[in-house]
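# Residue-level structure breakdown
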Amino acid sequence: MFYRNCWNPYKRTTSKKMSSFWEQLCQGWDSHSKAMIAVMMSPEEELERHQECTLTVFKLLGIGMDTCVIPLRHGGLSLVQTTDYIYPIVDDPYMMGRIACANVLSDLYAMGVTECDNMLMLLGISNKMTDRERDKVMPLIIQGFKDAAEEAGTSVTGGQTVLNPWIVLGGVATTVCQPNEFIMPDNAVPGDVLVLTKPLGTQVAVAVHQWLDIPEKWNKIKLVVTQEDVELAYQEAMMNMARLNRTAAGLMHTFNAHAATDITGFGILGHAQNLAKQQRNEVSFVIHNLPVLAKMAAVSKACGNMFGLMHGTCPETSGGLLICLPREQAARFCAEIKSPKYGEGHQAWIIGIVEKGNRTARIIDKPRIIEVAPQVATQNVNPTPGATS
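Structure report, in brief.

What counts as what
Starting afresh in each chain, residues are numbered from 1 along the sequence in its written order. Local features in a predicted model are, by the rule used here, given only for residues with pLDDT of at least 70; side-chain atom pairs are given and counted only at 80 or more, and totals for whole chains, interfaces and linings are based on all residues. The basis for the side-chain values is all heavy atoms of the structure; hydrogens and waters are excluded. Take the buried Ala, Val, Leu, Ile, Met, Phe, Trp, Tyr and Cys residues and link them wherever side-chain atoms come within 4.5 Å; each set so joined is a nonpolar core. Accessible area is worked out with a 1.4 Å probe on protein chains only. A residue is then buried under 20% of its type maximum, exposed over 50%, and partly exposed in between. Helical segments are the DSSP runs of H or I of at least four residues, strand segments are the runs of E of at least two, and each set is numbered from the N terminus. Only heavy atoms enter the contact rule, under which two residues are in contact if any of them lie within 4.5 Å. Pairing of aromatic rings covers Phe, Tyr and Trp, the last through its six-membered ring, and needs centres within 6.5 Å; plane angles under 30 degrees mean stacked, over 60 mean edge-to-face, and all others mean tilted. Pairing between two strands is assigned when DSSP locates at least 2 bridges connecting them. Every angle, taken between N-to-C directions, lies between 0 and 180 degrees, and every axis is a line fitted to C-alpha atoms, over only the stretch in contact when it is a helix.

Turning to the nonpolar core, a few remarks are in order. Ranked by internal contacts, the top residues of the largest apolar core, which has 91 residues, are V90, L105, M119, I268, F285 and M296. The biggest single contributor to this core is helix α3 (residues 93-109), with 11 residues. The contacts of F285, once residues within four sequence positions are left out, are A188, L194, A272, L275, A276, Q279, C324, I353, V354, T360, A361 and R362. Formed by 18 residues, the second largest nonpolar core is a distinct cluster that contains V193, V195, I323 and F333.

This is the structure:
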């Protein structure tokens, strides 16, 4: 696992924090998330119509799910492909590149796919950046993206770059699979349990880290969290976002996973609801436990729960996989993913159950908050490649 020092905004050669190039886009995101989920769920009759026009035996996925699975004309193979993009939320360009790549790949990993054949990179360069900012920041973003792709066992062979009002980071991941190499996300059964492979609270950690420089906001939370707590949570969030979900994808096969999705912009509840709607069986998901980065639950409460963290609506970036596993396999999955043979940092928690129901998901009124202590201290990491004072 890679380790690195925090990108120091006071030593960089740019005049702005990188995350400042997208701040206005965050406004109103939560209020629109339910509408966006509804738009992205294809009506059942539309799915059936498309299914009649194909030779596949698979239920087609709504565009709100993670990937497309397209049967090819020859050889019993399927094309599995996804695309995604995000805006910069951390100020370290190299790490932001790694996070963007991990975020794209997570859509494949949510299908249990562990091998990616090819990646493209999509890059929007802000026209508000100076030449000096662009020449310093963009090569680091690209290098981070390429390094994460290499860690995933694939390569970036092309892409598209545009001039844009905001920095945009994304890509396309493509692979060709045999039927036993992917897991359709629609086979959850009553009695399964829900497992999550990364803690929640990344957006809270990123936001409060920015508040360190905004006294009127910092004053609202300084009684429940220290500056050191915030720095550690920010570092932990950054490392988690940059960590690939590849190990979890492989273990989905070992422990007979029935369905999965990755947790990103709609928060854990939104993605759980989306996954529940895809199920063939009449089931519902009930979430009892919320693993959260240390101190971030207290911060969220101190802010009047403005982040929606306790309600499951707080967006995540490059979050973990939410996996439906047989009850008898779940504890073994959680123990196995922590094995040193997979590298450092992997975690998993049993957070809920699958019960008979009407394809919905909910969080109980008073979920148990699992405080997830930082695993990476800032003094234990190596510097960002190419970073200079």
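After that view of the structure, there is still more to cover.
Let us now look at the packing of aromatic side chains. Scanning all chains against the criterion turns up 3 aromatic pairs. The interplanar angle of 35 degrees and the centroid separation of 5.8 Å between the aromatic rings of W211 and F307 together place this pair among those described as tilted. You can see W211 sitting in helix α5 (residues 202-211) and its partner F307 sitting in the loop between α10 (296-302) and β9 (321-325), a full 96 residues away along the chain. Among the residues examined, W211 registers a relative accessible area of 7% and is labelled buried. Ring centres of F255 and F333 lie 6.0 Å apart, and the angle between their planes is 75 degrees; this geometry places the pair in the edge-to-face category. Taken together, the residues span a long stretch of sequence, with F255 in the loop between α8 (246-254) and β7 (259-262) and F333 in helix α11 (residues 327-337) at a distance of 78 residues. For F255, a relative accessible area of 4% puts it in the buried group. You can call F333 buried: its relative accessible area is 0%.

Inspection of the secondary structure assignment puts S300 in helix α10. Discounting residues that sit within four places of it in the chain, S300 has contacts with N305, M306, F307 and L309.

The 5 strands lie next to each other as β1-β2-β5-β3-β4, forming an open sheet whose pairing is mixed. Here the strands that pair on one side only, and so sit at the sheet edges, are β1 (68-71) and β4 (156-164). Taken over all neighbouring pairs, the strand axes of this sheet differ in orientation by 15 degrees on average, direction set aside. The strands that α3 touches are β2 (78-86), β3 (118-126) and β5 (168-177); relative to β2, the one it contacts most, it runs at about 145 degrees. In the packing of helix α4 (residues 131-151) onto the sheet, the strands contacted are β3, β4 and β5, and the crossing angle to β3 comes to about 160 degrees.

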